[in-house]
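Below are the chains, spelled out letter by letter.
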Amino acid sequence: MLRRDSVLAWAWVLTTCPAGARGHGTVVINAETTRDYYSRNRSAKRKVGVGVATRSLNEIRKRAGKFVSEWKDEPGEERQQAQSFVRDLLGVYGITETKAASYERRAKRSSTGNGGYIDALVPGLCLVEMKSAGKNLEEAERQALDYIDDLTDAEAPRWVITSDFRQFRILDLHDRTEGAVQEFALTGLPVKAEALAFLAGYQTRSFGSVEQEAASIKAARVMASLYETLEKSGYPDHEASVFLVRILFCMYADDSGLWDRDLFTEFIEDRTRDDGSDLGPQIAMFFQVLNQKIKPGHLDEALQKLPYANGGVFAETISIPAFDSEMRSKLLDACRFNWADISPAIFGSLFQAVKDKKSRRQLGEHYTTETNILKTLGPLFLDDLKTRFADEQHSVQGLKKFRAHLGQIRLIDPAAGCGNFLLLSYRELRALDLAVLIRLRELGDTTEVPTMFFTRDDLVVRPEHFFGIEIEEWPARIASTALHLADHQANQAMSLELGMAPDSLPLGTIDTIHVGNALRTNWRDILNPTVNTIVVGNPPFKGHRGREAEQAADLRTVWGREDIGRLDQLSTNSCVGLRTTWSSVPRTRVS
């Protein structure tokens, strides 16, 4: 019933078995060995990127067609036309502001030490090198790589794009496989639009990759530095929590396609003084506008571009922090990081530690990896779902029934922390739902996908199906916000595959993460348990020697006796969970 894998975790998977299997209404606690589903189902294996963008892939393809029409007959002269070509290309993907990309950026070549110019640079994302029609693109790529050593860490790109106005060559510097380079003709851009989808904020890092976890560690250190500046200024702790979560959301939105690239960054650069004296009020105004459905007509042009965010992230009124020039510099340094690269689950667990001085010094040294979390979630319930998908993959009706079942699943983590178990469960279930839709399309059935628009009501797996109880406000707030980010990433993966997905903005309200003591909370006030309820998590593990007086009191209350012996917190969470779920589902058998 309780497992110890590479992470300490516990769960109950409550399912109703078909009649004749284990017996109708049987309650199953599943702890089978992990199955390597994807190795047995190659047709279902897809490299899914993360994060819907400001522009859907269908819209990008239309704009790419217009771009091709305008440029296919041009002579393709580097000196006269390169910058216009790159501007128009970036515009296809929604990078329209001149400051989002720098042109003719001076840089030193590492091979010779001589100076030169980078044709275009989107900091932290891509470097573009143009050549006249017919020129060798491999040579252009070597020239581009020669400039990278002269760039700062914040400017260093992941992708190198070279073009001679007739062909594109794209190099992924983080890919060590043969697929690191893609080449295609200008006329093929509408069909190959996803090859450059990273320009629109579509993330293409594989989930749980070493690079993604490294980026998440670096991002947490950036936020730790920001928190230290707020702490030194005397800003109240609760308000610092609210403020940092909002800053995180805005920086992520800048890079992930939630809104036009770098809206927040450019607002800070262009609308605030170098000494930071007006930074607090200006950011407060930025947050206020994000919470307004109808915007006043006299607003600053930069603020008029902001969408309505909703979702409760910007609803609470907080005091305005005081900034100085150093704090403004640190905020801009944070803005220059590529926030689309992070894993919400891993970053969230690291972000939780930024408010503790000792933990800040050790950021990235100790955290539960996605791989280890999935080693727990897999045998507990995900492997069974993937196996059922494989069994039904040739049946339209079977797939539809399976999709309906995905929509009935509810998860609760009564020791939620920053929500990493919930986040990865949500991500995996959304990915599985997407695999079902793709397979249905392959079988010729499109009834599950709307003709015009894919709205939130068309999703069967939704953030509001994931519940958590967390004793501290800070990690609970992180968990709610991270669910928004994970939802956006799942929408973006759907858009890449289906050409449509629900809009990520305005945000839906996530009120399923509750602040409280799970041992003194009636879980049924949060979630009505059914046979499709999954209780999962990684509760605090403290032996009887390490428990505090308050924790001992919790144990006595839960177990209803004074003598608690060597009982620990893990046993207590298990007891509460069993009492909550078992009285509402059939108790025919446990296996």
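Novice: Describe the nonpolar core, naming the residues involved and giving the relevant values.
Specialist: Membership of the largest hydrophobic core comes to 54 residues, with the highest contact counts inside it found for Phe243, Ile247, Trp259, Phe264, Ile283, Phe286 and Trp339. If you list the elements that add at least two residues to this core, you get α5 (210-232), α6 (237-256), α7 (263-271), α8 (279-290), α9 (301-304), α10 (325-335) and α16 (473-498). Looking at this core element by element, the count peaks at 12 residues for α6. Counting 38 residues, the second-largest nonpolar core is a separate cluster that includes Phe85, Tyr93, Met130 and Ala193.

Novice: Break down the pattern of salt bridges for me, with residues and values.
Specialist: Counting across every chain of the model gives 25 salt bridges. In this structure, the salt-bridge partner of Glu428 is Lys386, at a minimum N-O distance of 3.9 Å. Here Glu428, found in helix α15 (residues 420-442), pairs with Lys386, found in helix α13 (residues 370-392); they are 42 residues apart in sequence, far enough to count as distant. Each member of the pair, Glu428 as well as Lys386, is classed as buried. Here Arg477 ties to Glu473 by a salt bridge, and the two come within 2.9 Å at their closest N and O atoms. Within this pair, Arg477 and its partner Glu473 are both found in helix α16, separated by four residues, close to a single helical turn. Because the salt bridges share partners, they merge into one network encompassing Glu370, Lys386, Arg427 and Glu428.

Novice: Requested: an account of α6, with residues and values cited.
Specialist: An ideal rise of 1.5 Å per residue puts 28 Å on 20 residues; α6 measures up with 28 Å between its terminal C-alpha atoms. Across the 20 residues of α6, 18 count as buried, placing the element largely inside the fold. With its phi angle positive at about 90 degrees, Gly257 sits one or two positions after the end of α6.

Novice: How would you explain the sheet that holds strand β8 (residues 181-185) if you had to name every residue and give the values?
Specialist: Strands belonging to one sheet form pairs held by backbone hydrogen bonds; the direction of such a pair is parallel or antiparallel. Pairing within the open sheet is mixed, and its six strands lie in the order β3-β4-β5-β6-β7-β8. Strands with a single pairing partner mark the edges of an open sheet, and in this sheet they are β3 (102-108) and β8. For this sheet, the mean inter-axis angle between neighbouring strands, taken without regard to orientation, is 30 degrees. As paired strands, strand β7 (residues 167-172) and β8 are joined by five bridges and run antiparallel to one another. Across the sheet, residue Arg169 finds its bridge partner in β8, namely Glu183. Where helix α4 (residues 137-148) meets the sheet, it contacts β3, β4 (115-122), β5 (126-130), β6 (159-163) and β7, and its direction lies at approximately 140 degrees from that of β6.

Analysis parameters
- Residues numbered from 1 in each chain as written.
- Predicted model: local features only at pLDDT ≥ 70, side-chain atom pairs only at ≥ 80, totals over all residues.
- Heavy atoms only, no water.
- Core = buried A, V, L, I, M, F, W, Y, C linked by side-chain atoms within 4.5 Å.
- Buried < 20%, exposed > 50% of the residue type's maximum accessible area, 1.4 Å probe, protein only.
- Helix = DSSP H or I, 4+ residues; strand = E, 2+ residues; numbered from the N terminus.
- Salt bridge = Lys/Arg side-chain N within 4 Å of Asp/Glu carboxyl O.
- Expected span 1.5 Å × (residues − 1).
- Pairing = 2+ DSSP bridges.
- Axes fitted to C-alpha atoms, helices over the stretch in contact; angles between N-to-C directions.
- Contact = heavy atoms within 4.5 Å.

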